[in-house]
Amino acid sequence: MQWARSITSSNKALITHHLRSQRLDQARAIFDRMAAPDVQLSTMMVTGYTRNGRIDDALKLFDKMATRDVISWNSMVQGCLDCGDLGTARRLFDEMPERNVVSWTTMVNGYMKSGRVEEAEGLFRDMPGKDVAAWNAMIHGYCGNGRVQDGLRLFECMPRRNVVSWTSLIGGLDQNGKSEDALLIFRKMVGLGVEPTSTTFASALTACANSTDHKLGIQVHGRLFNLGYYRFDEYIAASLLTLYGNCRRIEEVNRVFSELNLHRNVVIYTALLTGYSFNAKHEGALMVFIKMIREGVFPNQSTFTSVLNSCRGLESVDKGREVHTVAIKIGLETDVSVGNSLLVMYTECGNVHDSVAVFKRIEEKNTVSWNSIIVGSAQHGCGIWALIFFNQMLRTGFEPDEFTFTGLLSACSRSGMLQKGRRFFEYITRYKSASVDLQHYTCMVDILGRSGKLHEAEELVKNMPMKPNSMVWLALLSACRVHSNVDAAERAAKSIFSLDPHCSAAYVLLSNMYASAGRWADVSRTRVRMRHGGIVKERGSSWVVMKGKKHEFVSGDRGHPLIERIYEKLRWLREKLKEVGYVADQRFALHDVEDEQKEEMLWCHSERLAIGFALISSVEGSGITVMKNLRVCGDCHEVIKLISGVVGREIVVRDSGRFHHFKNGVCSCSDYW
């Protein structure tokens, strides 16, 4: 007898070992050799199957069990829920010969996780003998489904609470954008003498981070320091790093990281990296990424999102490609979160073709994926692409949202598709009126204005169902600039100044229109108003990122080490362009000087200096990407087209409104910008 018990004990140990190592078939082979496995061992085997997604094997074994107790029934119901089979879980629940509070709570959790709140509420009402865990499950479920007020109401009427109740509500409020309310609950909890757990502290710190409550965060940190938690608990440590990062205390981020006495895993490194990225310490973020790779810590989806955000911040497509290579090596390139981040990075760094390639490789696209590729296509003037992707989105079964329609209207605006823009706008105002916002009206005003329908655009603004903001009027003012309609521009500017008397963009646009029309007295009057109002025009600049270093230029710049070679290159280009018939458009030299001086001033514009630098600093025939903080002027636009043909290179210029792709003397915007 003792010998038989010894064998049974040995088999249990072997089965347990194989299940922990996910060697299910080896565990089953030993299980099948046992004459009469008990209910505990059978339940262990069933749980092993469900934890590895083998629900059919689990159900077959469960059906063969000679004896089943409430624990085995509960395990099978939980296994079905874990495998996403809510229907089978409910059938088994209904078939149970006896149920305990765990059985009921398990099903309540299952319904809540599936978003079926009403069924969960029904079960909770019918549940006999509710314990505190059942109440906690409902609170957690309400918050997880965005019904925070219901969770708060239930919390207030609980007959008894424990620390999990408080923690669930604190975390739920924070996750639903009510971080300040979460901290009020945390203070109330501490005031009542309820001792927080490490999970409570982590939730409170996350709420402090999201509400940037540095003062309370320091107090919680001090409590944790006395308890010795944060140096050994990875989630508390990560929450502290996030807190100080969000509060822009990068020195404290570094101090906390250096004091940790635990294995620096992906959670810790990602929190550190995100802190650097959030504080625009993009080089530091990339150094953290490199360090974690060298230490054998594999990045996860959140890591890639943050580091690719830093690549965007640096506007360095080369760094982005290096990160992309890492994603490919560890098999995350096709993940939707990583893919979306890569897509946006390539789009904003001027590589729309790479964006499309990344998009196509994302295995399970979501609405963010579709919106990102539609908006990205619009930014690069690829309006037809945006419409094609929209049609594919609809065929795939995704429902467009307000961001989708903003992208489509933007695509129509930047590609001169007036009639398509009208149809989209008519559709959303008629059938999606709840989603229509000021951004959609801004886009439609831009579409009409750029198509020369200034009167119709102005009437649309006047008859909007909501009050137009300065951005709507600025869209109209910009269109007036394109079509040189000073009267309409003055009306639009007057409306802008009534909303925002210090709107520098409106003053600059109006002043530039006066200058182009030769109305120098009005230019002077406008500049005096700006000066008296303390309104400063944003200084225009253009830059190129070369080998990870940013080279920035302003108009007439003389400060760059290679400036003499740059001007020499521009003089050469000037002669070449004259040979192909270029004549400077002096309307864009916005100063009251002689014609020769106007042409000289145009050739000193910052975008031309940046292009000159790129041409002398890069390999012959390679592409050039230039970034500009303001809108590229009309004469520079014409010049860059001609330069692309003369030097045989593609030149991408991102200005404040869009990307321009210049190649073989043609721009992707088809001169519609």
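Keep in mind it's a predicted model, so treat the numbers as computed, not measured. (Residues numbered from 1 in each chain as written. Predicted model: local features only at pLDDT ≥ 70, side-chain atom pairs only at ≥ 80, totals over all residues. Heavy atoms only, no water.)

A word on the nonpolar core
Here is a general trend for soluble globular proteins: nonpolar side chains tend to be buried in one another's company. Let me state the cut-off plainly: The nonpolar core is taken to be a set of buried Ala, Val, Leu, Ile, Met, Phe, Trp, Tyr and Cys residues, with the residues joined through side-chain atoms within 4.5 Å. Partly exposed describes any residue whose relative accessible area lies between the buried limit of under 20% and the exposed limit of over 50%, with all areas from a 1.4 Å probe on protein chains only and scaled to the type maximum. Here, residues are in contact when the closest pair of their heavy atoms is within 4.5 Å.
The biggest cluster of nonpolar side chains holds 172 residues, and the ones touching the most others in it are Ile15, Met76, Met107 and Phe304. If we ignore the near neighbours within four places in the chain, the residues touching Met107 are Val77, Leu81, Leu86, Ala89, Arg90, Phe93 and Leu123. Met546, Leu577, Ile611 and Leu615 belong to the second largest nonpolar core, which has 34 residues in total.

Examining the side chain of Ser72
Stated precisely, the cut-off is as follows: A run of H or I in DSSP becomes a helix once it reaches four residues, and a run of E becomes a strand once it reaches two; helices and strands are each numbered from the N terminus.
Among the secondary structure elements, Ser72 is positioned in helix 5 (residues 70-82). For Ser72, the contacting residues outside a window of four places in its chain are Val39, Thr43, Phe62 and Met65.

A word on the packing of helix 3 (residues 39-51) against helix 4 (residues 55-64)
Selection criterion: Inter-axis angles, ranging from 0 to 180 degrees, are taken between N-to-C directions of lines fitted to C-alpha atoms, where helices are fitted over the stretch in contact. Oblique is the label for every angle not falling under 35 degrees (roughly parallel), over 145 degrees (roughly antiparallel), or within 65 to 115 degrees (roughly perpendicular). Handedness of each helix crossing follows the sense of rotation of the near helix against the far helix: counterclockwise by less than a right angle gives left-handed, clockwise gives right-handed.
Axis separation between helix 3 and helix 4 bottoms out at 7 Å; the angle between their running directions is 160 degrees. In this view, helix 3 runs roughly antiparallel relative to helix 4, as classed from their interaxial angle. In the crossing of helix 3 with helix 4, the sense of the turn from one axis to the other is left-handed. Two secondary-structure elements touch here, helix 3 through Ser42, Met45, Val46, Tyr49 and Thr50 and helix 4 through Ile55, Asp57, Ala58, Leu61 and Phe62.

A word on the layout of surface pockets
Put simply, the rule is: Both cavities and pockets are sets of points on a 1 Å grid over the protein atoms alone; in a cavity a 1.4 Å probe fits but cannot get out, in a pocket the set is open with protein on both sides within 12 Å along at least five of seven lines, and lining residues sit with an atom within 4 Å of a point. Grid points are joined across faces, edges and corners, and a volume is the space filled by probe spheres set on the points. In this classification, the charged set is Asp, Glu, Lys and Arg, the nonpolar set is Ala, Val, Leu, Ile, Met, Phe, Trp, Tyr, Cys and Pro, and all remaining amino acids, among them Gly, are polar.
If you add up the space inside the second largest pocket, you get close to 580 Å³. Lining of the second largest pocket is provided by 29 residues; of these, Val317, Asn351, Gly623, Ile624 and Thr625 occupy positions nearest its centre. Residue assignment for the lining of the second largest pocket shows that the elements contributing at least two residues are helix 20 (317-329), helix 22 (352-361), strand 1 (541-546), helix 35 (606-617) and strand 3 (624-628). No other element matches the four residues that strand 1 contributes to the lining of the second largest pocket. When grouped by side-chain class, the residues that make up the lining of the second largest pocket number 12 nonpolar, 11 polar and six charged.

Things to note about the UniProt feature "repeat: PPR" (unreviewed entry) in the protein chain
Using the following cut-off: UniProt positions are given in the numbering used here, feature names are shortened, and annotations may be inferred rather than shown by experiment.
Mapped onto this structure's residue numbering, the UniProt feature "repeat: PPR" (unreviewed entry) falls at residues 38-68, 69-103, 131-165, 265-299, 366-400, 401-435 and 437-467. Across residues 69-103 one finds 74% helix and 0% strand; the C-alpha atoms that close the span lie 12 Å apart. In this annotation, residues 366-400 is assigned 77% helix and 0% strand; the end-to-end C-alpha distance for the span is 11 Å.

Here's the deal with helix 4
Short version of the rule: Note: the arc covers the axis-to-C-beta directions of the helix.
When helix 4 is considered as a whole, its buried residues turn out to be Ile55, Ala58, Leu59, Leu61 and Phe62. Each buried residue of helix 4 lies within a common arc of 165 degrees when the element is viewed along its axis, so the set occupies one face. Summarising the geometry of helix 4, the exposed residues directed more than 90 degrees from the buried face are Asp56, Lys60, Asp63 and Lys64. Residues of helix 4 that are buried in the fold lie against helix 2 (24-33), helix 3, helix 5 and helix 6 (86-95).

Observations regarding helix 28 (residues 454-462)
For helix 28, the full list of buried residues reads Leu454, Ala457, Glu458, Leu460 and Val461. Within helix 28, the buried residues cover an arc of 155 degrees as seen down the axis, which keeps them to one side. The exposed residues of helix 28 that point more than 90 degrees off its buried face are His455 and Lys462.

Focus on the sheet that holds strand 6 (residues 666-667)
Convention followed: Each pair of strands is called paired provided DSSP finds at least two bridges between the two strands.
What the six strands build is an open sheet, ordered 2-1-3-4-5-6; its pairing is mixed. Strands with a single pairing partner mark the edges of an open sheet, and in this sheet they are strand 2 (549-554) and strand 6. Here strand 1 runs beside strand 3; their pairing, made up of two bridges, is antiparallel. Directly across from Ser542, in strand 3, lies its bridge partner Lys628.

Section: unusual backbone geometry
One non-glycine residue, Lys547, lies in the positive phi region at around 55 degrees. Residue placement: Lys547 occurs in the loop between strand 1 and strand 2. For Asn664, which is not glycine, the phi dihedral falls at a positive 55 degrees. Looking at the secondary structure, you find Asn664 in the loop between strand 5 (659-663) and strand 6.

What to know about the pairing of strand 4 (residues 651-654)
Using the following cut-off: Assignment of crossover handedness uses the view with strands pointing away from the viewer, where a clockwise path from the first strand over the helix to the second indicates a right-handed crossover.
With four bridges connecting them, strand 3 and strand 4 associate as parallel partners. The residue bridging Val626 from the neighbouring strand is Val653, located in strand 4. Of the crossover connections in this fold, the one passing from strand 3 over helix 36 (residues 634-647) to the parallel strand 4 is right-handed. Sheet topology places strand 4 next to strand 5; four bridges connect them, and they run antiparallel.

Regarding the packing of aromatic side chains
Using the following cut-off: To pair, rings of Phe, Tyr and Trp, with the six-membered ring standing in for Trp, must have centres within 6.5 Å; the planes then decide the type, stacked if under 30 degrees apart, edge-to-face if over 60, and tilted in the middle. A ring is scored as having a charge over it whenever the NZ atom of a lysine or the CZ atom of an arginine sits within 6 Å of its centre and within 35 degrees of its normal.
Taken as a whole and judged by the stated rule, the model has 17 aromatic pairs. On the numbers, 5.9 Å between centres and 45 degrees between planes, the contact of Phe405 with Tyr427 is tilted. Taken together, the residues Phe405 in helix 25 (residues 402-415) and Tyr427 in helix 26 (residues 418-431) connect sequence positions 22 residues apart. Using a relative accessible area of 36% as the deciding quantity, one classes Tyr427 as partly exposed. Put simply, the rings of Phe390, Phe405, Phe424, Tyr427 and Tyr431 pair up and form one aromatic cluster. Lying over the aromatic face of Phe62, Arg68 brings its terminal NZ or CZ to 4.6 Å of the ring centre. Above the ring of Phe359, the side-chain terminus of Lys365 is found at 5.0 Å from the ring centroid.

Focus: the side chain of His282
With respect to the helices, strands and loops of the structure, His282 is situated in helix 18 (residues 282-294). Taking relative accessible area as the criterion, His282 reaches 13% and is therefore assigned buried. Ignoring sequence-local partners within four residues, the contact set of His282 consists of Tyr276, Ser277, Asn309, Ser310, Gly313 and Leu314.

Thoughts on the pattern of salt bridges
As a reminder, the rule being used: Between Lys or Arg on one side and Asp or Glu on the other, a salt bridge is scored when a side-chain nitrogen of the former is within 4 Å of a carboxyl oxygen of the latter.
For the coordinates displayed, the defined rule picks out 33 salt bridges. Taking the shortest distance from any N to any O, the salt bridge between Asp522 and Arg519 comes out at 2.8 Å. Given a relative accessible area of 17%, Asp522 falls into the buried group. For Arg519, a relative accessible area of 31% corresponds to the partly exposed category. Salt bridges here are not isolated pairs; linked through shared partners, they connect Glu118, Glu121, Arg147, Asp150 and Arg153.

What about the confidence of the model for the protein chain?
A low pLDDT means the predicted coordinates there should not be read in detail. This is how it is decided: For every residue, the pLDDT score states the predictor's confidence, bounded by 0 at the bottom and 100 at the top.
With 96% of its residues at a pLDDT of at least 70, the protein chain reaches an overall mean of 91. Averaged pLDDT values over the elements of the protein chain bottom out at 68 in helix 34 (residues 595-602) and peak at 97 in helix 21 (residues 336-348). Confidence over residues 1-7 falls short of pLDDT 50; this stretch has zero contacts with residues more than four positions distant or in other chains.

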